[in-house]
Each structure stands twice: as structure tokens, then as C-alpha cells.
Amino acid sequence: MRNAILTLISISLGVPAAAQEAEVAPNTEEVSETDVTLLAGAKYASGNVNGQGYETVSLSTGISARSGRFSLATFIPYVVTTAPEELIVSNGGVLGTPLLSQPSTQSREVTREGIGDLILQGGYAFPIGSFDAFVAGHVKVPTASREKALGTGELDYGVSGQVSRRTGRTVPFASASYTVVGELEGFDVQNTVAGRVGSHFLLSNTSSVTASYSYEQSATANVEDHQSLGVGLDTSLSTRIRLGVDARAGLSSDAPDARLGLRIGIGF
């Protein structure tokens, strides 16, 4: 179920976060057993960009597998959003491009829904002295509708990494990611960097609380960079099932005012 811990956190925060907040107590020893986890999650986000409000709900499903130090994961969301029609809303903030804003005199609010972008990630965990490290590559496949403004319609890809060190029942961590954003017609976009620092606090052998600060560079000059504070709880419901909840509050004007997440992993 260590595999479930890693992927449950990643599904609630987006793919780069899988490297930013890897499992609470990483096990970097080589093992031959392969763990498979079925994933499900729900997220809610609301906020304002350039004075325009939006609300987004996404329901995700996916699967992950781990063998030794290697891991693979994929998931895809179904997105429902209410926002001005000129705003492009992606998968709740994946790949550092949570919202792109195109200057417009239009302000008509519309509700749209559909399949979001497919996310693929491959990662590798390893020790560095007394530290645990995790590196990953991730790809956003543009399966979301560009016409409905549920995605950019372009391929994004990037790399991310995390280092952590357990001290007693505390596991401080720091992480960073870099994403190459696909060129989007009508938008002046840039590649992005993101980072997170925080700590896991182990309540027991099966439960932990996480507190963190995150920074996400905006993919467009029309939207300010995002800063936020978050807290989450991860716990086992049984030997096969893990549950996680988390909440984030925005610190910058264009960051989502609130983000809430619920996720579950069923291991085999």
C-alpha cells in the first residue's frame, strides 16, 4: 500500500505534485513484487482571474503500478466548470497551467463539461545518503475539448523531483517541476516552473497529516503566478484501501481561492 500513498497524493494535486509530495515514508529498497492500485478522486476549485469568477469540479479515475523503485501512473478526469466563456480551464491545475485567460470584452458565464486531459507519469525513487529522492517525467495528452475550453488542445510535458528526509515522526520535503507548455494559437504562453516545501507528520503507521506551501508560475502573462497554503490527511481504511482529503487556500490574487480534494486508492 506504499504505492497507494504516493499516487493518492498525486491525483489530488496534479502530476508534478506526484514528485513534489511522494509517499510519506519512501521505501527505496529493491523489491520484485509489483503493486497495482486503482484510483478515484474528486476535486473542487473556485476563484477569480482578472475579476472573472469560476467554479470547477472534476472526477478522476486511473491506475498506477510500482515494481521496485519504478512507478507508472495514468488518470483522466471528467470536468464540469462554470466560468466566463473566454476562460480556458484545464484539469484543476495540472502541469502548472490551471487557468489561461484571454483578454476579451465578453463576460458571459457558461457551464460546460466533458472529458479532461489524459495524464501519464513515470517515476523512479532512490536514496541520496540519508535522503529519499523521487524523479518523474510527465505528459499531458490533449484529450479535453478545446472548443469547450476544457483544455488547450496541445501536448505538454515536463520533469519533476522531490527530496525528503524522515526525522522521527516528521518528514520534511522540497520539490520542483519544469513543464514545457504546448504553443496555443491566440495565446502568448511560456514554459513554467513550480515548487513546494512542507512536511508530513506521521500520526501512526497508517495515517499522516501534510502541511505545505506551493508556488506555480503562470503559463501566460495575463494571469499572475499562484501561491497557496495547503493541509491534507491520508489514512488507511483497510489493508487494501487508503483515503485522502486535502484543502488549499490561495495567497495570490489569481490563485484559486479554495481547492478541495478527496481521493481513494484500492491496492491489489
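Within every chain, residues take consecutive numbers counted from 1 along the sequence as written. Given that the model is predicted, a residue must reach a pLDDT of at least 70 before its local features are reported, and side-chain atom pairs must reach 80 or more before they are shown or counted; all residues, however, enter totals for whole chains, interfaces and linings. Side-chain numbers come from the whole structure's heavy atoms, not from hydrogens or water.

Draft legend 1. Focus on the overall build of the protein. For the purposes of this entry, the term helix denotes a DSSP run of H or I that reaches at least four residues, the term strand denotes a run of E that reaches at least two, and both are numbered from the N terminus. A tally of regular secondary structure across the protein gives two helices and 15 strands. When each of the 268 residues of the protein is scored for burial, the buried share is 51%. Long-range contacts, defined here as pairs at least 24 residues apart, represent 59% of the contacts in the protein between residues at least 6 apart. Reported accessibility uses the Shrake-Rupley method at a 1.4 Å probe radius. Residues are deemed covered only where the shown protein chains occlude them. For the protein, the computed accessible surface area is about 11400 Å², with 60% contributed by carbon and sulfur atoms. The buried label goes to any residue with under 20% of its type's maximum accessible area, the exposed label to any with over 50%, and the partly exposed label to all in between, with areas taken from a 1.4 Å probe on protein chains only. Contact between two residues is taken to exist if any of their heavy atoms lie within 4.5 Å; hydrogens are not considered.

Draft legend 2. Broad picture of the confidence of the model for the protein. Chain-level pLDDT for the protein is 82 on average; 81% of the residues reach the 70-or-more range. Note on residues 92-101: pLDDT under 50 across the span, and 48 contacts to partners over four residues away in sequence or across chains. Note: pLDDT gives the predictor's confidence per residue, expressed from 0 to 100.

Draft legend 3. Quick look at the nonpolar core. By size, the foremost hydrophobic cluster in this structure holds seven residues: Ile88, Ala149, Val181, Leu184, Phe187, Val189 and Ala219. Grouped together as the second largest cluster of nonpolar side chains are five residues, Val49, Tyr54, Ala83 and Leu87 included. Residue types Ala, Val, Leu, Ile, Met, Phe, Trp, Tyr and Cys, when buried and joined through side-chain atoms within 4.5 Å, form a set referred to as a nonpolar core.

Draft legend 4. Geometry of the environment of Val163. Along the polypeptide, Val163 turns up in strand S9 (residues 156-164). Judged by relative accessible area, which is 37%, Val163 ranks as partly exposed. Apart from residues no more than four positions distant in its own chain, Val163 is found in contact with Asp132, Ala133, Pro172, Phe173 and Ala174.

Draft legend 5. Here's a closer look at the pattern of salt bridges. Definition used for salt bridges: Asp or Glu carboxyl oxygen within 4 Å of a side-chain nitrogen of Lys or Arg. Inspection of the entire model under this criterion finds five salt bridges. Asp246 is paired through a salt bridge with Arg263; the nearest N and O atoms lie 2.6 Å apart. Of this pair, Asp246 sits in strand S14 (residues 241-250) while Arg263 sits in strand S15 (residues 258-267), placing them 17 residues apart in sequence. Looking at Asp246, the relative accessible area reads 13%, which means it is buried. If you follow the salt bridges from partner to partner, you end up with Asp117, Lys140 and Asp156 in one network.

Draft legend 6. Local environment of the pairing of strand S2 (residues 52-67). Pairing between two strands is assigned when DSSP locates at least 2 bridges connecting them. Both strand S1 (residues 34-49) and S2 contribute to a ladder of 16 bridges, which runs antiparallel. Along S2, the bridge assignment pairs Val36 with Ala65. If you look at the hairpin formed by S1 and S2, you'll find two residues sitting between the two strands, and Asn50 has a positive phi there, around 50°. Two strands pair when backbone bridges link them, and S2 and strand S3 (residues 70-84) are joined in this way by 13 bridges, in the antiparallel orientation. Bridged to Gly62 within S3 is Phe75. Here S2 folds back onto S3, and the loop between the two strands holds two residues, one of which, Gly68, carries a positive phi near 60°.

Draft legend 7. The packing of aromatic side chains, seen in detail. Aromatic rings from Phe, Tyr and Trp, taking only the six-membered ring of Trp, are treated as a pair when their centres fall within 6.5 Å; an angle between ring planes under 30 degrees marks them as stacked, one over 60 as edge-to-face, and anything in between as tilted. Inspection of every chain in the model, using the stated rule, returns two aromatic pairs. Plain terms: the ring middles of Phe70 and Tyr124 are 4.8 Å apart, the flat faces sit at 50° to each other, and that makes the pair tilted. With Phe70 in strand S3 and Tyr124 in strand S7 (residues 118-128), this residue pair connects regions lying 54 residues apart in the sequence. Given the relative accessible area of 52%, Phe70 is considered exposed. Looking at Tyr124, the relative accessible area reads 25%, which means it is partly exposed. The structure contains a cluster of three or more aromatic residues connected by ring pairs, namely Phe70, Tyr124 and Phe126. Comment: the charge-over-ring label is applied if NZ (Lys) or CZ (Arg) is within 6 Å of the ring centre and within 35 degrees of the ring normal. Directly above the aromatic system of Phe131 lies the positively charged group of Arg165, at a separation of 5.5 Å from the ring centroid.

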